[in-house]
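# Chain and residue survey
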Amino acid sequence: MWDAMPGLRKYGVKAISYTSRTVTRIFPGRSIRVRKGKVYLDADSGNSAEINVEGAQVIVKGGITLANRIVFMHNYVLHIRKVGDKILSDGSLWIENTIFFGNLGTLSCLNIVAGGTLRGNVRMIGMIYIRDGSFIGDVEEVEKWVHLSDVSGTIKGTIKRIGETLFLDSGTYVTDSLPRIEGGYAVIKDGILARTNGDRWDLSQIIQHIANLKNDQEIFLFGSGGSVLLGPGAHTILFKEGTDTYSRSKTENIISTNRFYILRDGQLKEVRLRISNNQNISIEPGKFYSYVRLDIV
């Protein structure tokens, strides 16, 4: 038997048995497969991802989708780890029409859609995207951005640090402690940022938690009707454009249909963006886009 199944000798029968017994308490048994000395989780997306259990740590390699189910992690912590660099969903967890109770350790992206709910805490995550779903819990750190895009999307809890920015297109973000936004700007459109008692956070309070902008820092902004909160320190910013004439018209529309604010002398001040006379911006050869420099007036 040992000669016929070298995978068992390599990975160990006890480790495989422990992993399979543990994950079948968390996920449906039909989702668990053992192949070539490894345990795999068949996700609802149709993909399979290797899964290991190390003590209280449940580690999934790749990306998984959980749909139409209830998941209890009990005393375990779920990690989603990347296995490559080119697959968009690699290292991601999608929660669709699913209630997930449990804590997350590290993962690249958390996507909650189609009425999904996550109740638990997260240590470190690359990005959070919530459409028509909800996240209830605390987050130590978001490396890039947090995006609420639908009126049915909600976040309730504390996010200590956001490495890039907050996009609050719609939905509700309820917290008694505002995150530190390191990317130098935040975009708030139709979304609501409120305390647990129902009072809304003022823009002047939110902007105090935004770090400095750097001159010629790239800003990502789309659509209209937003309040764009800019950190102090910069006199110019960059927008990315296509190389066609329409892209410049689109940029002009964006800067005229959104409102921009900075904090000066402790007061919230509205500013304008104006296309700079100096457009000497270096671009790597072969890129299909260009940049436009904007002066903060």
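Not measured: the values here are computed from a predicted model.

### Topic: the side chain of N258
With respect to the secondary-structure elements, N258 resides in the loop between α4 (245-257) and β24 (259-264). Polar contacts involving the side chain of N258 include one to the main-chain carbonyl oxygen of G223, which spans 3.0 Å. At 3.4 Å, the side chain of N258 and the backbone nitrogen of G225 are in polar contact.

### Some words on the packing of aromatic side chains
Evaluated as defined, the whole model comprises four aromatic pairs. Taking the centre distance of 6.4 Å and the plane angle of 40 degrees together, the rings of F167 and F222 count as tilted. Taken as a pair, F167 in strand β16 (residues 165-168) and F222 in the loop between β21 (217-218) and β22 (227-230) lie far apart in primary sequence, 55 residues in all. Given a relative accessible area of 33%, F222 falls into the partly exposed group.

### Some points on the environment of G231
Counting through the fold element by element, G231 comes out in the loop between β22 and β23 (236-242). Looking at G231, the relative accessible area reads 4%, which means it is buried. Once the C-alpha coordinates of G231 and I262 are considered, the two residues, 31 residues apart in sequence, prove to be 6.2 Å apart. Residue contacts for G231: discarding those within four places in its chain leaves G184, I210, A211 and L213.

### Regarding the pattern of salt bridges
Under the defined criterion, the tally for this structure stands at ten salt bridges. A salt bridge links E141 to R161; its shortest N-O distance comes to 2.5 Å. With E141 in strand β12 (residues 139-142) and R161 in strand β15 (residues 159-162), the pair connects residues that are 20 residues apart, well separated along the chain. R161 gets classed as partly exposed once you look at its relative accessible area, which sits at 29%. Note that R293 and D216 form a salt bridge whose closest N and O atoms lie 2.8 Å from each other. Pair noted here: R293 is in strand β27 (residues 289-296) and D216 is in the loop between α3 (203-207) and β21, with a separation of 77 residues, a long-range link. Classification of D216 by relative accessible area gives partly exposed; the value is 29%. Each of the salt bridges in this network shares a partner with another, and the network as a whole consists of E141, R161, R180 and E182.

### Re the environment of I26
Structurally, the position occupied by I26 is in helix α2 (residues 13-26). Assessed through its relative accessible area of 6%, I26 is described here as buried. For I26 and I70, which are 44 residues apart along the polypeptide, the C-alpha to C-alpha distance reads 9.3 Å. Ignoring sequence-local partners within four residues, the contact set of I26 consists of V58, V71, F72, M73 and Y76.

### Topic: α2
When the terminal C-alpha atoms of α2 are compared, their 20 Å separation across 14 residues agrees well with the 20 Å that a helix rising 1.5 Å per residue should span. When α2 is considered as a whole, its buried residues turn out to be I16, T19, S20, T22, V23 and I26.

### Focus: the pairing of strand β1 (residues 32-35)
Note: β1 against strand β2 (residues 38-42), four bridges, orientation antiparallel. Across the sheet, the residue bridging to R33 is Y40, located in β2. In sequence, β1 turns back onto β2 through a hairpin of two residues, with K36 there showing a positive phi of about 50 degrees.

### A look at unusual backbone geometry
Backbone geometry places N68, a non-glycine residue, at a positive phi of 55 degrees. Inspection of the secondary structure assignment puts N68 in the loop between β5 (64-67) and β6 (70-81). The class of N68 is exposed, set by a relative accessible area of 59%.

### What about the confidence of the model for the chain?
In this model, the chain carries a mean pLDDT of 88, and residues with pLDDT of at least 70 account for 92%. Across residues 1-11, confidence stays below pLDDT 50; counting only partners more than four residues off in sequence or on other chains, it has 14 contacts.

Procedures and definitions
- Residues numbered from 1 in each chain as written.
- Predicted model: local features only at pLDDT ≥ 70, side-chain atom pairs only at ≥ 80, totals over all residues.
- Heavy atoms only, no water.
- Helix = DSSP H or I, 4+ residues; strand = E, 2+ residues; numbered from the N terminus.
- Polar contact = N/O pair within 3.5 Å; in protein donor to acceptor, adjacent residues only side chain to side chain.
- Phe/Tyr/Trp six-rings, centres within 6.5 Å; stacked < 30°, edge-to-face > 60°.
- Buried < 20%, exposed > 50% of the residue type's maximum accessible area, 1.4 Å probe, protein only.
- Contact = heavy atoms within 4.5 Å.
- Salt bridge = Lys/Arg side-chain N within 4 Å of Asp/Glu carboxyl O.
- Expected span 1.5 Å × (residues − 1).
- Pairing = 2+ DSSP bridges.
- pLDDT = per-residue confidence, 0-100.

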